[in-house]
Amino acid sequence: FSGTTEISSSSTAFVAFKKDLGTAACWGDSTYGGDCSDVDFHGTTEIHSSELAFVAFNKDLGMAVCWGRSSYGGSCSGVDFSGTTEI
């Protein structure tokens, strides 16, 4: 994981994030965030996790993408992050 700038974990998955490249590798239980193959990390400024989900947040644009178990925060399509500067 050369170049990794941040590692986040849920209870069953991990994300190794390379902020400067806008890329990440995820592993663990795919239902709970271990599969991030559909996530675009370009512009992401920080990654946070809950017990079974993750959020990749771009504080400069007030945008986020979530993945993992939807009932634990893995679905944020209806959330307006504009104006949000911290999660």
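Residues numbered from 1 in each chain as written. Predicted model: local features only at pLDDT ≥ 70, side-chain atom pairs only at ≥ 80, totals over all residues. Heavy atoms only, no water.

Visitor: Kindly report on the overall build of the protein chain, identifying the contributing residues and their values.
Guide: Within the protein chain, the secondary structure is distributed over zero helices and six strands. The C-alpha atoms of the protein chain give a radius of gyration of 12 Å, which matches the 12 Å a tight globule of 87 residues would have. Along the first, second and third principal axes, the C-alpha atoms of the protein chain reach 30 × 30 × 20 Å. Looking at the protein chain as a whole, 36% of its 87 residues are labelled buried. In the protein chain, the proportion of contacts linking residues at least 24 apart, taken out of those at least 6 apart, comes to 30%. On the protein chain, roughly 5,000 Å² of surface is accessible, and the fraction owed to carbon and sulfur atoms is 48%. On the protein chain, the mean spot of the 4 positive side-chain charges and the mean spot of the 11 negative ones are 4 Å from each other. (Helix = DSSP H or I, 4+ residues; strand = E, 2+ residues; numbered from the N terminus. Rg over C-alpha atoms; globule rule 2.2 N^0.38 Å. Buried < 20%, exposed > 50% of the residue type's maximum accessible area, 1.4 Å probe, protein only. Contact = heavy atoms within 4.5 Å. Areas by Shrake-Rupley, 256 points an atom, 1.4 Å probe, with all protein chains shown as cover. Lys, Arg positive; Asp, Glu negative; His and termini not counted. Charge placed at Lys NZ, Arg CZ, Asp CG, Glu CD.)

Visitor: Give me the state of the cysteines: which residues, what numbers.
Guide: One pass over the structure, following the stated rule, counts two disulfides. In this model, C26 is linked to C36 through a disulfide, with the two sulfur atoms separated by 2.0 Å. The disulfide joining C26 to C36 has a torsion of about 105° about its S-S bond and is therefore right-handed. Here C26, found in strand β3 (residues 23–28), pairs with C36, found in the loop between β3 and β4 (46–49); they are 10 residues apart in sequence, far enough to count as distant. By the burial criterion, C26 is buried, and C36 matches it. What connects to what in the protein chain, once the bonded cysteines are numbered by sequence position, is 1-2, 3-4. (Disulfide = S-S within 2.5 Å.)

Visitor: Break down the packing of aromatic side chains for me, citing the residues and quoting the values.
Guide: By the definition in use, this model includes five aromatic pairs. Ring geometry for F17 against F41: centres 6.2 Å apart, planes inclined by 45°, an arrangement best described as tilted. One end of the pair, F17, is in strand β2 (residues 13–18); the other, F41, is in the loop between β3 and β4, with 24 residues separating them in the sequence. The residues F17 and F41 share a single accessibility class, namely buried. (Phe/Tyr/Trp six-rings, centres within 6.5 Å; stacked < 30°, edge-to-face > 60°.)

Visitor: Kindly report on the nonpolar core, identifying the contributing residues and their values.
Guide: Ranked by size, the top nonpolar core spans 11 residues in total: A13, V15, F17, C26, C36, V39, F41, I47, F54, A56 and W67. Mapped onto this core, the elements with two or more residues apiece are β2 and β5 (53–58). Take this core: its biggest share by element is three residues, from β2. Those residues in contact with F41 that sit more than four places away from it in its chain are F17, G22, T23, A24, C36, I47, A56 and W67. If you look at the next biggest cluster of nonpolar residues, it comprises five residues, including V55, F57, C66 and C76. (Core = buried A, V, L, I, M, F, W, Y, C linked by side-chain atoms within 4.5 Å.)

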